[in-house]
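# Tertiary structure, described
Single-letter residue listing:
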Amino acid sequence: MKTLLNSEVKNEIAGLLKPILADEQVLYVKVRNYHWNITGNQFFALHVKFEELYTELALDVDEIAEKIRVLGVFAPGSMSEFLKLSGITEEKENNYPDQFQMTDNVANDYEFLTVRIKDAGAKVQELGDEVTAGQLYYLAEKYDKHVWMLKSMVQK
Ligand SMILES: [Fe+2]
């Protein structure tokens with residue numbers, strides 16, 4: 001029979017979720033930037049693809065933030081916190097990589113994120129929270145697919 005998670009464990013789980021929330025938020029901004037500033041012969045495909053990705057990220061960010069709240073912890077919500085917590089870096093100011101570099105950057109960021117998520121998922125499972133682990137693995141499955149598709153596009 002499962003027991004309730006104590007507040008120390010909840011805090012620990014929230015601590016694993018915060019960097020994921022930050023990564024998703026920074027990636028959201030980066031992909032939206034690319035959606036606006038993409039140029040080249042793949043404009044129509046990538047402009048739409050990037051919109052699809054940032055729209056999904058906006059929902060995923062919300063899921064993670066609210067999970068942190070369910071655990072009884074306040075969710076980071078400022079850009080300065082996100083940038084501190086995130087392992088994903090924003091695009092540099094006034095820098096607009098070409099369409100393939102943008103695609104490759106997004107693929108690499110999703111790949112980084114899936115590693116972080118799978119690692120957190122395993123730890124969360126060990127801590128006895130299978131529901132949160134399930135949420136994380138669901139995200140990892142979706143993001144793995146994005147990595148495959150984006151990398152396929154830039155593959156020579
Ligand atoms: Fe748009």
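Here the residue numbers are simple positions, counted from 1 along each chain's written sequence. At least 70 in pLDDT is required for a residue's local features to be given in this predicted model, at least 80 for side-chain atom pairs to be given and counted, and no such filter applies to totals for whole chains, interfaces and linings, which use all residues. The side-chain values count all of the structure's non-hydrogen atoms but skip hydrogen atoms and water molecules.

## Observations concerning the overall build of the chain
Across its full length, the chain carries five helices and zero strands. Numbering goes from the N terminus for both helices and strands, where a helix is a DSSP run of H or I of at least four residues and a strand is a run of E of at least two. Walking the chain from its N terminus toward its C terminus, one meets helices and strands in the order α-α-α-α-α. In terms of C-alpha radius of gyration, the chain reaches 16 Å, essentially the compact-globule figure of 15 Å for 156 residues. When the backbone C-alpha atoms are referred to their principal axes, the chain occupies close to 55 × 30 × 20 Å. Only protein chains enter the accessibility calculation, which uses a 1.4 Å probe; a residue is then buried when its area is under 20% of its type maximum, exposed when over 50%, and partly exposed in between. The burial tally for the chain puts 44% of its 156 residues in the buried class. By sequence separation, contacts in the chain at least 24 residues apart represent 80% of the contacts at least 6 residues apart. For the accessible areas, the method is Shrake-Rupley and the probe is 1.4 Å, while residue cover comes only from the protein chains on display. If you sum the accessible surface of the chain, you get close to 8,800 Å²; carbon and sulfur atoms cover 54% of it. Positive charges are assigned to Lys and Arg, negative charges to Asp and Glu, while His and the chain termini are left out of the count. To locate a charge, the coordinates of NZ of Lys, CZ of Arg, CG of Asp or CD of Glu are taken. Of the charged side chains in the chain, 17 are positive and 25 negative, and the gap between their average positions amounts to 1 Å. In this description the radius of gyration comes from C-alpha coordinates, and the expected globular size is given by 2.2 Å times residues to the power 0.38. Here, residues are in contact when the closest pair of their heavy atoms is within 4.5 Å.

## Focus: the pattern of salt bridges
When a carboxyl oxygen of Asp or Glu lies within 4 Å of a side-chain nitrogen of Lys or Arg, that pair is called a salt bridge. Inspection of the entire model under this criterion finds eight salt bridges. Measuring nitrogen to oxygen at the nearest pair gives 2.7 Å for the salt bridge that ties K30 to D109. With K30 in helix α1 (residues 7-37) and D109 in helix α4 (residues 99-126), the pair connects residues that are 79 residues apart, well separated along the chain. Of the two residues, K30 and D109, both sit in the buried class. Salt bridges sharing partners connect three or more residues here, namely E56, D60 and K142.

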